[in-house]
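Okay, here's what each chain looks like letter by letter:
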Amino acid sequence: MIDRIPGRQTDRKTLLGELNWIFTAVTDTIAWNVLPHDLFRRLFRQDLLVASLFRNFLLAERIMRSANCSPMSYPVLPPTHQHHMWDAWDMAAEICISQLPTLVDDPNAEFQPSPFFTEQLTAFEVWLDHGSERKKPPEQLPIVLQVLLSQLHRFRALVLLGRFLDMGPWAVDLALSVGIFPYVLKLLQTTTPELQQILVFIWTKILALDKSCQVDLVKDGGHTYFIRFLDSIDAYPEQRAMAAFVLAVIVDGHRRGQETCIEAGLIHVCLKHLQCSSPNDAQTEPLFLQWICLCLGKLWEDFSEAQLIGLQADAPAIISPLLLEPQPEVRAAAVFALGTALDVGSDTSRDGQGEEDDDDEKVKAEAGIVKNLLNVVSDGSPLVRAEVAVALSRFAFGHNKHLKSVAAAYWKPQSSSVLTSLPSFAVKGSSSGYTTPTHYMPHGSIVPSPIAPLLRVGHDSQPVSRDGRVSSSSPLATPGIMHGSPLSDDSSQHSDYGALNDCVTNGVLSYSRRKPLDNALYSQCVLAMFNLAKDPSPRVESLGRRVLAIIGIEQVVAKSFKPAGVSIRPGEPSTSASASLAGLARSSSWFELTGGAHLPLAFRTPPVSPPRPSYMTGMRRVCSLEFRPHLMSSPDSGLADPLLASPGPSGVSDRSFLPQSMIYNWSCGHFSKPLLTAMDDTEDIIARREEREKLALDHIVKCQHSSLSKMQNQIASWDTKFETGTKTALLQPFSPVVIASDENERIRVWNYEEATLLNSFNNHDYPDKGVSKLCLVNEFEENLLLVASNDGNIRIWKDYSSKGKQKLVTAFASIQGHRPGVRSVNAVVDWQQQSGYLFSSGEISSIMAWDLDKEQLVSTIPLASDSSISALAVSQVHGGQFAAGFVDGYVRLYDIRTPEMVVSATRPHTQRVERVVGIGFQPGLEPAKIVSASQAGNIQFLDMRCAKDKYLTIDAHRGSLTALAVHRHAPIIASGSAKQLIKVFNLEGDPLGTIRYYPTFMAQKIGSVSCLTFHPYQVLLAAGAADACVSIYADEILPPR
């Protein structure tokens, strides 16, 4: 009867075909689980006849062993006859053969397929629910591949395979070792609509690990499948972003891939989707825009024919609006696409007698691209500025001779002043409205924000995109931002810019096909390169230096001597700022996202009045830069640039000297992480946050109802050992820690309960020193330390309390351009958690508002007078509201949510020394009550809504007031003077105590007061003095712990 089994071996719908199929699956599974993977691939995947031979060998071993015979192979293979999958074979064979009598007797009887494959898929699904990298691999993997041959089970098998591949690169590696590749390559020929999305996902996972598959994909015409999917409107934007990623990998450094994709019209497909993405359209999913740009950039990278097609299709004009997108990674990808569209030719090719019309058009298009790049040279994100530096290096390489002559003529006569007086690129614009977007998660499902959305501009809610980043689905509706001339601020009157123009009008650059415009453009490029070479971000600064090296300038800024143990230079261990910044992985959040995507979190701030639920106003949590250490250690991630530390050549002729872009390699890392599941550690974060909120609420109630008697009980004193004295200090809200900095920007962190130094590090190692302010970002989380320097540069640190483990998260210049003739900016800044805005000003004619989540300048508020701002304070209650004190004694209240920005103005300080040295909002919910103090020593209590502005004056210190502090919640203020004196008052002006210098043995000793700061939620006052001592005072002496 066995000889009469009906059917054909190749027809899986017949009994014989089913048995053969199950036998193949079982023997493959046994071999894959027993043999080393290399040996399995050689015996079972490279040749069909060899595979058939060894499958029969496994069966022979099982049958002959039962008859006490031992089949032999040379070399000897491990024994397989007792593998438990033989039991599954026995059962499946019995079920099939049990139908044999019926099928033999009745030729019309229908064969019932075996449940073998369904059961094995269920077993694989159980493993997916409970398995991990640390557990034994799923033994059903070869069976899953066999199931792909069946239309009946194919969709389920692909979905389970997708889930498996999503577990990480190790899973992709296992699947490739089984031989997944030819199966999924063949499936690209199917046109079944429901398989499209999961196939794109599977290919995304494969190519995120193994780029070499690009060759086979192009050879089999697989690229057309992904171009069609990219062009379809049915798929989610996240899935189309995956198709764009696959296409980007196909063309990455692969000329045949570039050619075939261009023939298939990929450039026009990409540009079409960029053109039709309107602000309210779901297609403006940031990941989709980012990968369309990266795909275009890779498509025409070093491929002049493609660059020409792109320029003819007006690609730069279509891509340039993305330079204003709220997501830094989209802006960086747009810069990458524009930069790779620049042809890295040689000077001779520009000067030769080629096709003049084409060359003229190309030069004109390239000039337009460079102008767009210059608009974002002062972007708030180091990721974007790094891409600008890489793009300018390509421009510098192609236009080397002309830029060299400009730079040389500029550098030689002005080498002494160029460092101090180079104007930055000023940016003008104003903020506008926002829309309410959808909450997208990585796998395309829509989830509600777990906590009530924050009201920011009166009507926008917090959008949450992939990885839990807070973002907006619409770009800022501000055509003014970054669109003016790169030198449109006061800096355009600088003598430097004039000198730069003079040096290019001497005929050096005037050859037949250059228009006069080019001379000014070259000047602006050189200025931009100098600015990048002085960037506060070590990664960008290093790239900027290499760009200057390309145009023949070796040294820009002489670095000061680096103290031992401080590591801030590129190429040093991972504790250094630059090493961590080199792995600047954005797109997630400013808290640790190394484990993968987090659920979205919208957070609350505690009330500033008696705790009633209606006062739980939304606090915006800044979700921005985060670096992922595993990306930095990745050998081909492109982040650890081996050329970064080496000085560039002065005569550049080899393209290998060009610095490499990091946005593409970094962005690929997104698809290596699990995309279908969110990591589950958000519960701990929420629990810790709720605990801190409760603690803060309890302390706020105590602050509001405390009967303050005196404020002069010193509970701690710390000799910071700062050579220049303490310049600024800050108390942490939920741990007994004080952070202080001196004029040389040395930062020290001290635990005042245990009297131990926790950490000490330098903010940077540039020669120009001077700290303006310390702020905490995300104080309810693992907070970040924002350090503002006198020159307006902002650096944000994480892990700053752990010795030697501090990492620089981001750095940018918050002030661009300063008044003519002013040597120092004397920046004043303040940070507002509710709105996510950083406000900065100084010796400039405007106030700049930065959105730290978008890392973008959102508004430039012009000042009404010529006087500059000397003090700045934000409201901790009303998002977008802040007060500024001016050098001429004026106090102005601003609200960024109003069209005119300025709410009211008054001049309470009219004495001989009228400079406002301190300003702050009074505690409570009233929006316009302000305390301001002038250098003359008088403190004014103001209600900015009333005509009679000042309603209380305290003459605190005569002519020597140096510092003012206003408590966030308790009715208490403190002022310090140069005469070694601190006075504490309540809001009625009654003195609560005086802390002075006593020459007696037992008394507290303080020097000239340089800074005062209150604890946010307790009645504690920290005072820094010029003699390097930081003292902490309480209303009552706290019991020792």
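Just so you know, these numbers come straight off a predicted model, no measurement behind them.

Participant: Please clarify how the overall build of the protein chain should be interpreted in this entry.
Facilitator: For the protein chain, the count of helices and strands is 32 helices and 30 strands. The buried share of the protein chain, taken over its 1041 residues, is 61%. The contacts of the protein chain with a sequence gap of at least 6 include a subset with a gap of at least 24, amounting to 66%. Total accessible area computed for the protein chain in this model is approximately 40200 Å², and 54% of it derives from carbon and sulfur atoms.

Participant: Looking at this structure, how should I read the pairing of strand β13 (residues 837–841)?
Facilitator: A regular strand places its side chains on the two faces of the sheet in alternate fashion. With five of five residues buried, β13 lies mostly within the body of the structure. The alternating pattern of β13 places Y837, F839 and S841 on one face and L838 and S840 on the opposite face, and all of these are buried. Strand direction decides the pairing type here: strand β12 (residues 828–832) and β13, joined by five bridges, are antiparallel. Counterpart to Q832 in the pairing with β13 is Y837. Alignment of β13 against strand β14 (residues 846–851), held across four bridges, turns out to be antiparallel. Within β14, the residue paired with L838 across the bridge is W850. Counting the residues in the hairpin turn of β13 and β14 gives four residues, including G842, whose phi is positive at 155°.

Participant: Looking at this model, I keep getting lost on the pattern of salt bridges. Mind explaining?
Facilitator: Close approach of charged atoms lets side chains of opposite charge pair. The full count for this structure, using the stated rule, is 28 salt bridges. The salt bridge involving E61 is made with R65; its shortest N-O contact spans 3.3 Å. Separated by four residues within a single helix, E61 and R65 lie in helix α3 (residues 48–66), roughly one turn from each other. Judged by its relative accessible area of 4%, E61 is buried. E781 is the salt-bridge partner of R689, the closest N and O atoms lying 3.1 Å from each other.

Participant: Looking at this structure, I do not really get the sheet that holds strand β6 (residues 746–751). What am I missing?
Facilitator: Across the sheet, which stays open at both edges, the four strands sit in the order β4-β5-β6-β7 with antiparallel pairing between neighbours. Edge positions in the open sheet fall to β4 (726–731) and β7 (756–762), since each of these has one partner strand only. The mean inter-strand angle of the sheet, taken between neighbouring strand axes irrespective of direction, is 20°. Of the strand pairs in this sheet, strand β5 (residues 737–742) and β6 are connected by five bridges, and their pairing is antiparallel. Paired with V737 across the two strands is N751, which belongs to β6.

Participant: Help me out: how do you make sense of helix α10 (residues 180–187) in this one?
Facilitator: Residues that lie three or four places apart on an α-helix share one face, since the helix turns once every 3.6 residues. α10 sits mainly inside the fold: six of its eight residues count as buried. Residues of α10 that are buried include every one of I180, F181, Y183, V184, L185 and L187, and no others. Looking at the buried side of α10, the elements it contacts are α7 (141–147), α8 (151–165), α9 (169–178), α11 (193–209) and α12 (214–219).

Participant: What exactly am I supposed to notice about unusual backbone geometry here?
Facilitator: Excluding glycine, residues mostly carry a negative phi; peptide bonds, for their part, are mostly trans. Y74 connects to P75 through a cis peptide bond whose omega is -5°. Residue position: P75 is located in the loop between α3 and α4 (85–97). For A755, which is not glycine, the phi dihedral falls at a positive 55°. Note on placement: A755 falls in the loop between β6 and β7. Residue N778 is not a glycine yet carries a positive backbone phi of 60°. When you line up the elements, N778 lands in the loop between β8 (771–777) and β9 (784–789). Judged by its relative accessible area of 3%, N778 is buried.

Participant: How should the sheet that holds strand β19 (residues 902–906) be read in this particular structure?
Facilitator: By definition, the strands of a sheet pair up through backbone hydrogen bonds, in either a parallel or an antiparallel sense. The strand order across the open sheet formed by four strands is β16-β17-β18-β19, and the pairing between neighbours is antiparallel. Looking at strand neighbours, the two that pair on one side only are β16 (869–874) and β19, the edges of this open sheet. Each adjacent strand pair in this sheet contributes to an overall mean axis angle of 15°, direction not counted. Of the strand pairs in this sheet, strand β17 (residues 881–886) and strand β18 (residues 891–895) are connected by five bridges, and their pairing is antiparallel. For G885, the partnering residue across the bridge sits in β18 and is V891.

Participant: Before we go on, may I ask you to explain the packing of aromatic side chains in this structure?
Facilitator: What describes a pair of aromatic rings is the distance from one ring centre to the other and the angle between the planes of the rings. Per the stated rule, a full pass over the model turns up 25 aromatic pairs. On the basis of an interplanar angle of 50° and a centroid distance of 4.9 Å, the ring pair of F812 and W850 is categorised as tilted. In this pair, F812 is assigned in strand β11 (residues 807–813) and W850 in strand β14, connecting sequence segments 38 residues apart. As far as burial versus exposure is concerned, F812 and W850 are alike and both buried. Members of the aromatic cluster, connected to one another through ring pairs, are F40, F44, F54 and F57. The cationic tip of R892 hangs over the ring face of F886; the distance from NZ or CZ to the ring centre is 4.5 Å. Positioned above the aromatic ring of Y890, the side-chain terminus of R892 is 4.6 Å from the ring centre.

Participant: What is the right way to read the nonpolar core from this model?
Facilitator: One broad trend across soluble globular proteins is that nonpolar side chains are buried collectively. Judged by nonpolar contacts, the single largest core of 177 residues is most densely connected at F116, F164, W203, L230, W291 and I319. Here W203 is in contact with F181, V184, L185, L188, C213, L217, F226 and V246, once residues within four sequence places are set aside. By size, the runner-up hydrophobic cluster in this structure holds 19 residues, among which are L708, A965, F1014 and Y1033.

Participant: Can you walk me through the pairing of β5 in this structure?
Facilitator: Where burial is concerned, most of β5 is hidden: six out of the six residues are buried. The alternating pattern of β5 places V737, I739 and S741 and V738, A740 and D742 on opposite faces, both of which are buried. Relative to β5, β4 is paired through five bridges, and the arrangement is antiparallel. Within β5, the residue paired with T726 across the bridge is D742. Connecting β4 to the antiparallel partner β5 that follows it, the hairpin turn spans five residues.

Participant: Which parts of the structure should I look at to understand the confidence of the model for the protein chain?
Facilitator: Detailed conclusions should not be drawn from predicted coordinates in areas where pLDDT is low. Model confidence for the protein chain is summarised by a mean pLDDT of 75, while 74% of its residues fall at 70 or above. Confidence drops under pLDDT 50 across residues 413–517; counting only partners more than four residues distant or on other chains, this segment forms 266 contacts. Under a pLDDT of 50 for its full length, residues 999–1003 has, in the predicted model, one contact with residues more than four places off or in other chains.

Participant: Which parts of the structure should I look at to understand the environment of W666?
Facilitator: Within the fold, W666 resides in helix α31 (residues 663–672). The spatial distance from the C-alpha of W666 to the C-alpha of E329 is 10.0 Å, given a sequence separation of 337 residues.

Participant: Help me out: how do you make sense of the environment of L872 in this one?
Facilitator: Within the secondary structure layout, L872 lies in strand β16. Among the residues examined, L872 registers a relative accessible area of 8% and is labelled buried. Residues L872 and I847 lie 25 residues apart in sequence; the distance between their C-alpha atoms is 9.9 Å.

Participant: Help me understand α9, please; the structure alone is not making it clear to me.
Facilitator: Extensive coverage of α9 is indicated by the burial of eight of its ten residues. W170, A171, V172, L174, A175, L176, S177 and V178 are the residues of α9 that are buried.

Here is what the cut-offs are and how they apply
- Residues numbered from 1 in each chain as written.
- Predicted model: local features only at pLDDT ≥ 70, side-chain atom pairs only at ≥ 80, totals over all residues.
- Heavy atoms only, no water.
- Helix = DSSP H or I, 4+ residues; strand = E, 2+ residues; numbered from the N terminus.
- Buried < 20%, exposed > 50% of the residue type's maximum accessible area, 1.4 Å probe, protein only.
- Contact = heavy atoms within 4.5 Å.
- Areas by Shrake-Rupley, 256 points an atom, 1.4 Å probe, with all protein chains shown as cover.
- Pairing = 2+ DSSP bridges.
- Salt bridge = Lys/Arg side-chain N within 4 Å of Asp/Glu carboxyl O.
- Axes fitted to C-alpha atoms, helices over the stretch in contact; angles between N-to-C directions.
- Phe/Tyr/Trp six-rings, centres within 6.5 Å; stacked < 30°, edge-to-face > 60°.
- Lys NZ or Arg CZ within 6 Å of the ring centre and 35° of its normal.
- Core = buried A, V, L, I, M, F, W, Y, C linked by side-chain atoms within 4.5 Å.
- pLDDT = per-residue confidence, 0-100.

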